[in-house]
Amino acid sequence: MSTAIDVVDLHKSYGDVRAVDGISLSVTTGEFLGILGPNGAGKTTLIEVVEGLREPDAGTVRVLGQDPHPRNRALLPRIGVQTQSAAFFTRLTAREHLRTMAALYGLGDREADAALARVSLEDKADARVNKLSGGQRQRLAIASALVHDPELVFLDEPTAALDPQARRDLWRLLLDLKEAGKTIVYTTHHLEEAEVLCDRVAIVSAGRVVALGTPRDLIGESDPRVQLVVPRRRLDPQAAHELPGSPDVAVHGEDVVLTTQDPGPLLAALSASVGLDGVRTRTASLEDVYLDLIGAPKP
């Protein structure tokens, strides 16, 4: 399979701050890569260097076989970019804005109107951009990145400011793009979203990639224990220590949380003693992996 993006030993600093500190990674054509990390981890700087918006201090970047910096005009029709701070023609309507964007790529009104429909903004087509809500502007920014049907798409926190239904609609759009063979690189703070959508995720902390792999593989390499969450009114925390397997016992609010590597006997004992009504199970998630790697305390 061909490589859409190849980054080797990339460095970018701002004064004494090493925003990107020796990152290397490759993105295969047609892959959906999520880049995760706390604020200030270097995610946006990494993306902007790859897009050609910033010049690296050291290292090499190849995008679709070409160097993106200095600004490579040959790449512009082939990539779509949605940034955190999108620029709009604010006095135009949403339809006029997209038709202007399409014209910049030599395209017509049909492509612009299709992009508007793609992000479910037809009902706001005649509203001025400066009258749109934050979530509607976010969708318009995504439509602007897709209007020319690019083969490689960069999305920087695309679901920020979207309501739950709009987020789910965007998930469907992103999956449709993936099924169409597009290469997608995006950043997000929604870890459950990344777990659902991404082929692989790169977790970035302090300018370095601290983990890279499929969500399933990263989760599989994490804590194999299972948590059973029992309403406290049903189970005395002191009695919980006597259950089979000597589970770790913790009280979180109105719940007793039992942690074990062998949940079968524990579930059987709970069923026989207090019943399983209201008992919930938790296994490791991408959020657990993320919090372990960046050193953040779990709730």
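Source: prediction; values computed, not measured. (Residues numbered from 1 in each chain as written. Predicted model: local features only at pLDDT ≥ 70, side-chain atom pairs only at ≥ 80, totals over all residues. Heavy atoms only, no water.)

1. Regarding the sheet that holds strand E11 (residues 248-252)
The strand order across the open sheet built from four strands is E11-E12-E10-E13, with neighbouring strands paired in antiparallel fashion. The open sheet has two edge strands with one neighbour each: E11 and strand E13 (280-282). Averaged over all pairs of adjacent strands, the angle between strand axes in this sheet comes to 25°, irrespective of strand direction. With three bridges connecting them, strand E10 (residues 226-231) and E13 associate as antiparallel partners. When the sheet's bridge partners are listed, valine 229 is paired in E13 with arginine 280. Where helix H9 (residues 263-273) meets the sheet, it contacts E10 and strand E12 (255-260), and its direction lies at approximately 15° from that of E10. (Pairing = 2+ DSSP bridges. Helix = DSSP H or I, 4+ residues; strand = E, 2+ residues; numbered from the N terminus. Axes fitted to C-alpha atoms, helices over the stretch in contact; angles between N-to-C directions. Contact = heavy atoms within 4.5 Å.)

2. Comments concerning unusual backbone geometry
The bulk of non-glycine residues show a negative phi, and the bulk of peptide bonds are trans. Omega for the peptide link from histidine 69 to proline 70 comes to 0°, which places this bond in the cis form. In this structure, proline 70 sits in the loop between strand E4 (58-63) and strand E5 (79-82). Residue leucine 64 is not a glycine yet carries a positive backbone phi of 50°. Here aspartate 149, not a glycine, exhibits a phi torsion of approximately 55°, which is positive. Relative to the helices and strands, aspartate 149 resides in the loop between helix H4 (134-146) and strand E6 (152-156). What makes aspartate 149 partly exposed here is its relative accessible area of 46%. (Buried < 20%, exposed > 50% of the residue type's maximum accessible area, 1.4 Å probe, protein only.)

3. Some points on the packing of helix H2 (residues 94-104) against helix H3 (residues 109-118)
Viewed as axis vectors pointing N to C, H2 and H3 meet at an angle of 130°, and their least axial separation amounts to 8 Å. As far as their axial angle goes, H3 and H2 are oblique. The handedness of the crossing between H2 and H3 is right-handed. Touching Ala94, Arg95, Leu98, Arg99 and Ala102 of H2 are Asp109, Ala112, Asp113, Ala115 and Leu116, all from H3. The residue makeup of the contact of H2 with H3, split by class, is six nonpolar, no polar and four charged. (Parallel < 35°, antiparallel > 145°, perpendicular 65-115°, else oblique. Left-handed = near helix turned anticlockwise from the far one by under 90°. Nonpolar A, V, L, I, M, F, W, Y, C, P; charged D, E, K, R; others polar.)

4. Considerations on the sheet that holds strand E7 (residues 183-187)
The strands making up a sheet associate through hydrogen bonds between their backbones, and the pairing can be parallel or antiparallel. Ordered in space as E5-E6-E7-E3-E8-E9, the six strands form an open sheet in which the pairing is mixed. In this open sheet, the two edge strands, each paired with only one partner strand, are E5 and strand E9 (208-213). Pairwise comparison of adjacent strand axes, ignoring direction, gives a mean angle of 15° for this sheet. With five bridges connecting them, E6 and E7 associate as parallel partners. Looking at E7, one finds that leucine 155 is bridged to tyrosine 186. Its contacts with the sheet put helix H10 (residues 286-294) on strand E3 (32-36), strand E8 (200-205) and E9, and the angle it makes with E8 is roughly 30°.

5. A word on the domain arrangement of the chain
Domains assigned within the chain are domain 1 (3-220) and domain 2 (225-283). Once you take the C-alpha centre of each, domain 1 and domain 2 turn out to be 43 Å apart. (Domains from an automatic or database assignment.)

6. Comments concerning the pairing of E3
The buried fraction of E3 is high, at five of five residues. Both faces of E3 are covered, namely the face carrying Phe32, Gly34 and Leu36 and the face carrying Leu33 and Ile35. Sheet topology places E3 next to E7; four bridges connect them, and they run parallel. If you follow phenylalanine 32 over to E7, its bridge partner there is isoleucine 184.

7. Thoughts on the nonpolar core
Counting residues in hydrophobic clusters, the biggest one holds 46 residues, and the most contacted among them are Leu36 and Leu140. Judged by nonpolar contacts, the second largest core, of 24 residues, contains Ala41, Val49, Val50 and Val185. (Core = buried A, V, L, I, M, F, W, Y, C linked by side-chain atoms within 4.5 Å.)

8. Thoughts on the side chain of glutamine 138
Tracing the chain through its elements places glutamine 138 in helix H4. Setting aside residues up to four positions removed in sequence, glutamine 138 forms contacts with Gln82, Glu157, Pro158, Thr159, Ala160 and Leu162.

9. A word on the environment of glycine 181
Structurally, glycine 181 is set in the loop between helix H5 (164-179) and E7. Since its relative accessible area comes to 42%, glycine 181 is described here as partly exposed. Through-space distance from the C-alpha of glycine 181 to that of aspartate 277 is 45 Å; in sequence the pair is 96 residues apart.

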